[in-house]
Every structure is written in C-alpha cells, then in structure tokens.
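Read off the chains here:
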Amino acid sequence: MCGIVGYIGPKEKKEILLDGLQELEYRGYDSAGIAVIQGEKLNNFKAVGKLKNLREKTKNYTSKGFGISIGHTRWATHGKPTELNAHPHLGAYSYVVHNGIIENYQELKKELQQEGVTFLSQTDTETIVHLFEKYHNEGFAPFEAFQKMVERLEGAYATLLITEAAPDTIFFAKNGSPMLIGFDGEEVYFASSDTPIIGRANEVYYLEDGEYGYVQNGKVHLFDGNGEKAFQTQPLIADKAMAQKEGYRFFMEKEIYEQSRVMGETMMGRVLEEEIVLDELNADFFEGINAIKICACGTSYHSALTAAYLFERLAKIRCDVEIASEFRYKDPLLSNDTLFVTISQSGETADTLEALKMAKRAGLKSLSICNVDNSSIVRESDTAILTRAGIEKGVASTKAFATQTMVLWMLALYVGQVKQTLPQELLKEEIDAMLRTPKALVVTDELHAKLHRLSKRYLHGHGFFFIGRDIFYPLALEGALKLKEISYLHAEGYPAGEMKHGPIALADAELFTIALMPKTMHYDKIKSNVEELSARDATICAISPLPFDLADDFVQTQYSSHPMVEFFEMMVVTQLLALEISVRLGNDVDMPRNLAKSVTVE
Ligand code: F6R
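Residues numbered from 1 in each chain as written. Predicted model: local features only at pLDDT ≥ 70, side-chain atom pairs only at ≥ 80, totals over all residues. Heavy atoms only, no water.

1. So, the overall build of the protein
Formally: Every helix listed is a DSSP run of H or I at least four residues long, and every strand listed is a run of E at least two residues long, numbered separately from the N terminus. Each radius of gyration reported is based on C-alpha atoms, and the globular scaling rule is 2.2 Å times the count of residues to the power 0.38. Categorising residues by exposure relies on relative accessible area from a 1.4 Å probe, with only protein chains included: less than 20% of the type maximum marks a residue as buried, more than 50% marks it as exposed, and the intermediate range marks it as partly exposed.
From N to C terminus, the protein includes 17 helices and 25 strands. Taken against the 2.2 N^0.38 rule, which gives 25 Å for 602 residues, the C-alpha radius of gyration of the protein at 25 Å falls within 12% of a compact globule. When the backbone C-alpha atoms are referred to their principal axes, the protein occupies close to 80 × 55 × 45 Å. Scored against the burial criterion, the 602 residues of the protein give a buried share of 61%.

2. Focus: the packing of helix 14 (residues 445-455) against helix 17 (residues 563-584)
Stated precisely, the cut-off is as follows: Axis lines are fitted through C-alpha atoms, for helices just across the contact stretch, and the angle between N-to-C directions can take any value from 0 to 180 degrees. In these notes the angle categories are as follows: under 35 degrees is roughly parallel, over 145 is roughly antiparallel, 65 to 115 is roughly perpendicular, and the rest is oblique. Crossing handedness follows the turn of the near helix against the far one: under a right angle anticlockwise gives a left-handed crossing, and clockwise gives a right-handed one. In what follows, a contact means two residues having at least one pair of non-hydrogen atoms within 4.5 Å. Under the convention adopted here, Pro, Cys and the residues Ala, Val, Leu, Ile, Met, Phe, Trp and Tyr are nonpolar, Asp, Glu, Lys and Arg are charged, and Gly plus all remaining residues are polar.
Put simply, helix 14 and helix 17 touch, their axes get as near as 9 Å, and they point 50 degrees apart. In terms of axis orientation, helix 14 runs oblique to helix 17. Helix 14 and helix 17 meet at a crossing whose hand is right-handed. Across the interface between the two elements, Leu447, His448, Leu451, His452, Arg453 and Ser455 of helix 14 pack against Val572, Val573, Leu576, Leu577, Leu579, Glu580, Ile581 and Arg584 of helix 17. Looking at the contact of helix 14 with helix 17 residue by residue, the class counts come to eight nonpolar, three polar and three charged.

3. Notes on the state of the cysteines
Convention followed: Note on disulfides: each one is a pair of cysteine sulfur atoms within 2.5 Å.
Taken as a whole and judged by the stated rule, the model has zero disulfides. Cysteine Cys297 remains unbridged, with the sulfur of Cys295 as its closest cysteine sulfur at 8.1 Å. Free of any disulfide, Cys319 has its nearest neighbouring cysteine sulfur in Cys295, separated by 11 Å. Since its relative accessible area comes to 8%, Cys319 is described here as buried.

4. A look at the pattern of salt bridges
How we decide: Counted as salt bridges are all cases of a side-chain nitrogen of Lys or Arg within 4 Å of a carboxyl oxygen of Asp or Glu.
Evaluation of the coordinates by the stated rule reveals 33 salt bridges. Two residues, Glu15 and Lys14, come together in a salt bridge whose shortest N-O distance is 3.9 Å. Residue Glu15 is classed as partly exposed on the basis of its relative accessible area, which comes to 32%. For Lys14, a relative accessible area of 6% puts it in the buried group. Its salt-bridge partner being Arg55, residue Asp19 comes within 3.0 Å of it at the nearest N-O pair. In this pair, Asp19 is assigned in helix 1 (residues 13-24) and Arg55 in helix 2 (residues 51-57), connecting sequence segments 36 residues apart. For Arg55, a relative accessible area of 27% corresponds to the partly exposed category. Members of the salt-bridge network, linked through shared partners, are Lys14, Glu15, Asp19, Arg55 and Arg200.

5. A closer look at a negative patch on the surface
So the rule is basically this: A patch consists of residues whose relative accessible area exceeds 30% and which take part in no salt bridge; residues with like charges are grouped when within 9 Å of each other, and nonpolar side chains (Val, Leu, Ile, Met, Phe, Trp, Tyr) when within 5 Å. Calculation of accessible area relied on Shrake-Rupley with a 1.4 Å probe; when residues are assessed, cover is drawn exclusively from the protein chains displayed. Lys and Arg are tallied as positive, Asp and Glu as negative. Neither His nor the chain termini are counted. A charge is said to be at NZ when it belongs to Lys, at CZ for Arg, at CG for Asp and at CD for Glu.
Taken together, the side chains of Asp508, Glu510, Asp537 and Asp552 present a region of like negative charge at the surface. Within the element layout of this structure, Asp508 appears in the loop between strand 22 (491-495) and strand 23 (511-516).

6. Quick notes on the site of the ligand
The line we're drawing: Residue proximity to a molecule or strand is established when one non-hydrogen atom of the residue lies within 4 Å of it. As used in this structure description, the phrase polar contact means that two N or O atoms lie within 3.5 Å; if the pair is within protein, one of them must be able to donate a hydrogen and the other to accept it, and residues adjacent in sequence are counted only when both atoms belong to side chains.
The ligand sits among 14 residues. The nearest are Ser300, Ser344, Gln345, Ser346 and Thr349. One nitrogen or oxygen atom from the side chain of Ser346 is found 2.6 Å from an oxygen atom belonging to the ligand. Within the side chain of Lys482, one N or O atom sits 2.9 Å away from an oxygen atom of the ligand. Breaking the shell around the ligand down by element, the ones donating at least two residues are helix 8 (298-315) and helix 15 (472-487). By residue number, the principal contributor to the shell around the ligand is helix 8, which donates three residues.

7. Comments concerning the packing of aromatic side chains
Here is the rule we go by: Here the aromatic set is Phe, Tyr and Trp, taking the six-membered ring for Trp, and pairing holds for ring centres within 6.5 Å; pairs whose planes are under 30 degrees apart are stacked, those over 60 apart are edge-to-face, and all others are tilted.
Under the definition given, this model contains 28 aromatic pairs. Taking 6.4 Å as the distance between ring centres and 10 degrees as the angle between the ring planes, the aromatic pair formed by Phe143 and Phe171 counts as stacked. In this pair, Phe143 sits in helix 5 (residues 142-152) while Phe171 sits in strand 8 (residues 169-175), placing the two residues 28 residues apart along the sequence. According to the relative accessible area criterion, Phe143 is buried, its value standing at 16%. Of the aromatic side chains, those joined through ring pairs into one cluster are Phe132, Phe143, Phe146, Phe171, Tyr212, Tyr214 and Phe223.

8. Re the domain arrangement of the protein
What counts is decided by this rule: A domain assignment, automatic or from a database, supplies the domain bounds used here.
Structurally, the protein comprises domain 1 (3-245), domain 2 (251-440) and domain 3 (445-584). When each unit is reduced to the centre of its C-alpha atoms, the spacing between domain 1 and domain 3 is 45 Å.

9. A word on the pairing of strand 17 (residues 318-323)
The cut-off we apply is this: At least two bridges found by DSSP between two strands is the condition for calling them paired. Crossover handedness is defined by viewing with both strands directed away from the observer: a clockwise path from the first strand over the helix to the second marks the crossover as right-handed.
Sheet topology places strand 16 (residues 291-296) next to strand 17; six bridges connect them, and they run parallel. Across the sheet, Ala291 pairs through a bridge with Arg318, a residue of strand 17. Handedness of the crossover is the feature at issue here: the chain leaves strand 16, passes through helix 8, returns alongside strand 17, and the resulting connection is right-handed.

10. Considering the nonpolar core
For clarity, the cut-off: Side-chain atoms within 4.5 Å are what join buried Ala, Val, Leu, Ile, Met, Phe, Trp, Tyr and Cys residues into a set we call a nonpolar core.
Judged by nonpolar contacts, the single largest core of 91 residues is most densely connected at Ile276, Ile294, Phe311, Trp409, Leu411, Phe464 and Phe568. It is helix 17 that contributes the most residues to this core, 13 residues altogether. Of the domains in this structure, domain 2 (251-440) and domain 3 (445-584) are the two that each give at least three residues to this core. When neighbours within four sequence positions are excluded, Phe464 is seen to be in contact with Tyr458, Leu483, Leu489, His490, Ala491, Glu492, Phe512, Ile514 and Ile581. Core analysis: the second largest hydrophobic core is formed by 25 residues, Phe132, Met149, Leu161 and Tyr212 among them.

11. Points about the sheet that holds strand 24 (residues 539-544)
Across the sheet, which stays open at both edges, the five strands sit in the order 22-21-23-24-25 with parallel pairing between neighbours. Of all strands in the sheet, those with a lone pairing partner are strand 22 and strand 25 (553-556), marking the two edges. Averaged over neighbouring strand pairs, the angle between their axes works out to 20 degrees when direction is ignored. Both strand 23 and strand 24 contribute to a ladder of five bridges, which runs parallel.

12. Remarks on the sheet that holds strand 17
Read from one edge of the open sheet, five strands run 17-16-18-19-20, paired in parallel fashion. Lying at the two open borders of the sheet, with one neighbouring strand each, are strand 17 and strand 20 (383-386). Going from strand to strand, the sheet's axes swing by 20 degrees on average, the running direction of each strand aside. Here five bridges tie strand 16 to strand 18 (residues 338-344), and the two strands are oriented parallel to one another.

Written as structure tokens, this is what we have:
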C-alpha cells in the first residue's frame, strides 16, 4: 500500500506534494519521492525512510510558477526500500508513480529488456514508464502512448505519469487501487485519499476502476473502455481525522473491512490458476529441508498454529510451533534439516527477533513472513515473504493475521508442490478455494448489524470460551485474544474436545461460549462438544453455516465449500463481535489500555 499525490497549477508544488504525502504516510513510509516539471526544467528527489528525510533533501528547492508534479510514499512490495526502488521512476524523459501491483510485470519487463531497455530498479512500477516511452518512441502521441500502455497492464494500479513530451499534462489511470481527483478552479490535484487535498480542493471525483485520462489547461479528460466520458464531481468533506479513517469509526474497523481487498494483493502474482509462485524463494530453497519450526508471538503465533495443520496435512512436512519467548530459554534441540520460520506483523518483536538469531547461530536456514520490509526480522532472515497488508494502525491485529495466514497457506501448497507431496488435483482445489477467499471476507451490512445487535447481550458474565477444532482451534485462540484485548473481558480459546477435561466445570448461564462450527470440518464432533456445554446451561453463540437448535444466539455464515474459506469468514465474525462489544463498553478500540503496536522489549 503506497500513497500518491499529484498537482498541476501555479502554486508551490513541493509544499503541496510533501504536505500531501505527510497525510498519506500511514499508507507506507519506507521511502518517498517527488518529480516536478516546470517549463523545460525537470527536478526529481528521492529519500529512503520517513518523509522528513525527503523534506531535508528538498529544503533549498522551490517550485513556484505553473508546472506539473507527482509524489509518492512507498510501502515496498517488489524490491527493497532503497532510493533506486523509490518512486517516481524515471524512463528517458518521463516519470511515474504507482500504487498497487502490476501482475504481469515480469513478462512486460522481459519484452522491454529484449528491446534494449535497461531497468534500474527491482520494482514492477518501472515497467509502466518504459512501456509508455516505448509507444511514444514508436511515434504515438503522448496520450495515445499512455492509452496503449494502460491496455497492457494487468493487476492493480493507481498511477500518475508526467513526461517532457507533454510538459503541461498529467496522465492518470486507476484499476483496483484508490485514486481521486480534486478541483479548485483551474488547479487540479490527485491523491490516494481525501486527506492530502482537504483545505486545498473543494470538489472531488473518485475515480472508478478502468478509468484513465489526462489533465491539461485545467480540464480533466476522462476515459474508460467506451471512450471519453462526462463525470460529476461532489463537494469534498472537510474533516481530516474522519477522512483518514475513510468514514469508519476506528482504524480497526477500517482494517476489518479492508481484508477482502488486501487478500487480493497478498495473492497477486503468487496464486496462479494451477500453481503457487513465490519469487522470494530460490528453486532449491527447500532442498535438504525435512521439517519446519515456526516461532512467533500473540496473533502471529495463532497464524503459525493454523499453518502447522496445513503444512502437515497438505505438504506432508513435519511442523511445530513455539511461542518465541518460551523458545528462547528452553535450550531447544535444533537440526539443520529444519527451516526456521518467524512470523511478525511489525518485524520488530524482540522475542521473535532473538529466537531467529538463536536459530541462525545454530546454523538453520531462515524465512520470515512479515508485513514490514526492511524491518529487523526481515533483514536478519535468509529470505522473507511480505504479507502486503498495508500499514495496520489498530493495535488489535486483524488484516495482518488474515494475510499471514494466507501466506502460510500458500507456502504449505508451495512446499507440497516442490516436494511433490501434494497431488495436482488437490492443489487445484486448494487454489480454487484460495481465490474464493476475498469474497468470504466481505463485510455485509446485515452481518455487521447483526453483530452490533448481538453484542449487547455479551457485556457481562464471568467469561468467554471460544471453542473450535483443528484449524478452528487457533482461530478460537485468536477470537478470544481479540475480545480480551479491546473489551477487557476475560476470554479463552480452547480446543472444543478438551472442554470436558476440566473447563466444563465453569459452565453456567453466565459462561459465554462462542462455538466455531464449520460444516467442512468435524461438524458432528464439535456439535457434541457444544451439546455437552449446553446441557450444563452455558450460553451458546454458534457461528456456523448450519442452523443449530441449541444455540442461544446464532450467526449463520454463507460460505461452506472449504475449511479455509469457512475459517476466514468466521474470523471476520469474531473480529466484528469483539469490536462491537468494545464499542458498547466505551473502550478505546484502536489504542486499548496497556498495549503497544510493536513490542520491542523482552
Ligand atoms: C494482537 C497483536 C499482538 C501481536 C504480537 C506480535 O492483536 O497484535 O499479539 O501479534 O505482539 O507482534 P508481531 O506480529 O508484530 O511480531
């Protein structure tokens, strides 16, 4: 997830871009850059790290007078956060900024390289600018060249391009990633969200997927597959805090709603029709590896527990999981045929980082699954797979967990593929289910309203048990963690079959049981476990696609074709339940007491 700003007009462009990027820094901040064309003069600045580094670099530069300008703050997906990989990317005489992932960039890159183009960065974005210049060099007018370029792009993009070939024009295109156009008389702005243009523009147009065009002489020319089209602007809201949350009450709520979209980004270019492709791993990465050990903390530990079921079941490789803070002090026995995997949203968790260092000292090969490129854990690992969730601001992790679990599922299939332990037919079924996941993550108004209504019945009592079996057991742990983090109510996750070995002693009407009852996995077994609790008068909230008579409350899920699809849909239900209970209790959802987003102490 990156942030884009653009401006065409007479004002000081540097300030508009930098202030705008500041508002978008929450979308990514591993590097930033701007490019300005004013008269014949083209200027470009880039800096790694937070925006203040770019401010420092441009402090003596001014850009008043008519001109065109684009800026970008980056959240690395392809290539490390270096100046070369920072946007804007330069061709011979044009600059481009881009948010999203060009899925077919490797194919395009190969084609351009064969025609003699030299690439400077490792990004997918650089193909955009070279493709544009290729068509322009072939004799097409700038907009025709841009149009031809857009036709070749597959994947998600919001992109702005400026070129010396048309020094009074900004070209734009949008598909899958957000972008809007702001208007103040003849001055025109572009941005990834409202906040950079609040206080500057007064009207706005939110671009739709498949739209592209150019702005020249204060006029926007908008096109889609059917040619040029008219469009209607709307007044711009004026509240910045509200705009950053994009209309949601809390970042956590926004992040829950984002899960369907970011899951698409996590899979992009990796989940093909009949194959999983992980460019991050060399062809021989799993050679000599006979087991996997995963270390993580908190929510990341729960995604690891889920993965252990998947690795053993799908890839037929032994996998065990440990809480990083326990692993560190237990004098573990480690052998070199074990791949050491760490999972971390932040990439800075002290215990996970130390566990990784220990494994490295013992000579193990390491892989991290992380949301932050260039974080300590990523740098320390032999290789990393990024989860591409975009920045997560709510302290209670939601979309990071979802994307970690998705990457681990992909990895399990990948291992099965390279080790030839997963039959092609089963691989295909798993991939089909994967591609259905984003749909199961969509939050409908009905579902949210239902959980809002239900939440009022769960504000008291002496505790919650989230119960599930198999992969739904780690999901139960995660559901309970979410609830306790933001509601401050006591909640435990438990394997459903274990309740009768002790915890059932707690059962009475004031014990709330959240039962995860998927249709595709051990339904009858968990049903019996829930019946045992119901017989002891526990209050049951069942989450299932199948109606269940003994439930006091029932949330019916929609998708029941595959355990993982059920897993992700039920995950959303537990997240929304926790959110709504927390709101009713008047708690600070995004910054719950006693917690921090990144735990860099032991
Ligand atoms: C819970 C949560 C924490 C983190 C844990 C590890 O919502 O976010 O439990 O999962 O502190 O953090 P990372 O994943 O950054 O290593």
